[in-house]
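# Structural features, examined
Listed below are the residues making up each chain.
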Amino acid sequence: MPETQYHQLDQTAPEGGSGCIDILSPPPGTDPEDCLYVALHVHGAASVRRHGVSTVLAPGDLLIGTTAHPAGLLKDAECRMVHFRVPCFYLGVRHGDVRRTGGLMARGNEGIGSLASQVLRTLATQARAHRARPGNHLARSVSDIVAILVSELLEREGPEQASGAAELLARIRAHIEENLADPDLAPESIARSQHISVRYLHKLFQQDGTTVGQWVRQRRLDACRRELERPSRRQTSVSAVAHRWGFVSHSHFSRAFRDAYGVSPREWQAYAAQADDRSPAS
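Residues numbered from 1 in each chain as written. Predicted model: local features only at pLDDT ≥ 70, side-chain atom pairs only at ≥ 80, totals over all residues. Heavy atoms only, no water.

## So, the overall build of the protein chain
Helix and strand counts for the protein chain stand at 11 helices and 8 strands. Going through the 282 residues of the protein chain one by one, you find that 46% of them count as buried. Counting only carbon and sulfur atoms, one obtains 49% of the accessible surface of the protein chain, whose full area is about 14,400 Å². (Helix = DSSP H or I, 4+ residues; strand = E, 2+ residues; numbered from the N terminus. Buried < 20%, exposed > 50% of the residue type's maximum accessible area, 1.4 Å probe, protein only. Areas by Shrake-Rupley, 256 points an atom, 1.4 Å probe, with all protein chains shown as cover.)

Written out as structure tokens, the structure reads:
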């Protein structure tokens, strides 16, 4: 990273490492404490100890956890990091999953970690990014990239049982993602697509701490939430969005959305529209 960017990031870094840049503000009805924290290493000597192994950090590397202070982090007086915070609401990951791993680490020079590191640098060097709202397109893009990165890291942290069951569950989830808009997506059709019994399908999801129905419903709700906040969909009715993602009953969709996010679909759409109006032009 160029020295000028180091300087810009250093100026952005919270004094003493105690503050954070909010990538997106928590939406109404959500717990403001239900967030993940991302630390971007800028320069200086630092290492992190995880699972009994110490790893030296390079500039651009990322640490992700459930607190503002990454567990196992050791650094010298010259070390500088920029800290970010993003509500789990926008990431589609569970706070508890990251907490159980004891935090996550991504190299800033490879794969999705490289992309996440670059966009976080960009966000940090833009003064307007502080306390960004959903109307900020860069902030939303950063959130999406971080979500992909966290999901990928969590998969790597899973048990080293590249067992047939784990691989099968990954294929089933991919099939569900590809067919979310199909209102006929159900355990029977999912099991049939993988040539397994419905009973075994339910067992796979139970071992993962959820059910087939809960997984499908949450993925559909996440898709609806993202679509309702897009400016291009602002004139689209809530019913049309719900139908597009496989919800047959509008009332059922509204109840499920409120149960999941604490606000109604219309309230969320209005909140995103107001945030767009308040956000400065990029």
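We are not done yet, so read on.
## Brief notes about the layout of surface pockets
By volume, the second largest pocket is sized at about 290 Å³. If you go around the second largest pocket, you meet 16 residues; those closest to its centre are M105, A106, R107, L153 and R156. At the level of secondary structure, the elements contributing two or more residues to the lining of the second largest pocket comprise β3 (46-50), β4 (53-56), β8 (104-106), α3 (111-124) and α4 (137-157). With 5 residues, the top contributor of residues to the lining of the second largest pocket is α4. (1 Å grid on protein atoms, 1.4 Å probe; cavity = no way out; pocket = protein on both sides within 12 Å on 5 of 7 lines; lining within 4 Å. Points joined across faces, edges and corners; volume = space filled by probe spheres on them.)

## Here we look at helix α6 (residues 187-194)
When we look at burial in α6, the residues that qualify are I190, A191 and Q194. Down the axis of α6, the sector holding all buried residues measures 95°, keeping them to one side. One or two residues past the end of α6 sits H195, with phi positive at roughly 60°. (Arc of directions from axis to C-beta.)

## With respect to the pattern of salt bridges
Where charged atoms of side chains with opposite charge meet at close range, the side chains can pair. Scanning the model with the defined rule gives 7 salt bridges in all. Note that E177 and R219 form a salt bridge whose closest N and O atoms lie 2.6 Å from each other. Residue E177 is found in helix α5 (residues 164-178), and its partner R219 is found in helix α8 (residues 212-229); the two are separated by 42 residues along the sequence. By relative accessible area, E177 is classed as partly exposed at 36%. In this structure R219 comes out as buried when scored by relative accessible area, which is 18%. Members of the salt-bridge network, linked through shared partners, are E177, R219 and D222. (Salt bridge = Lys/Arg side-chain N within 4 Å of Asp/Glu carboxyl O.)

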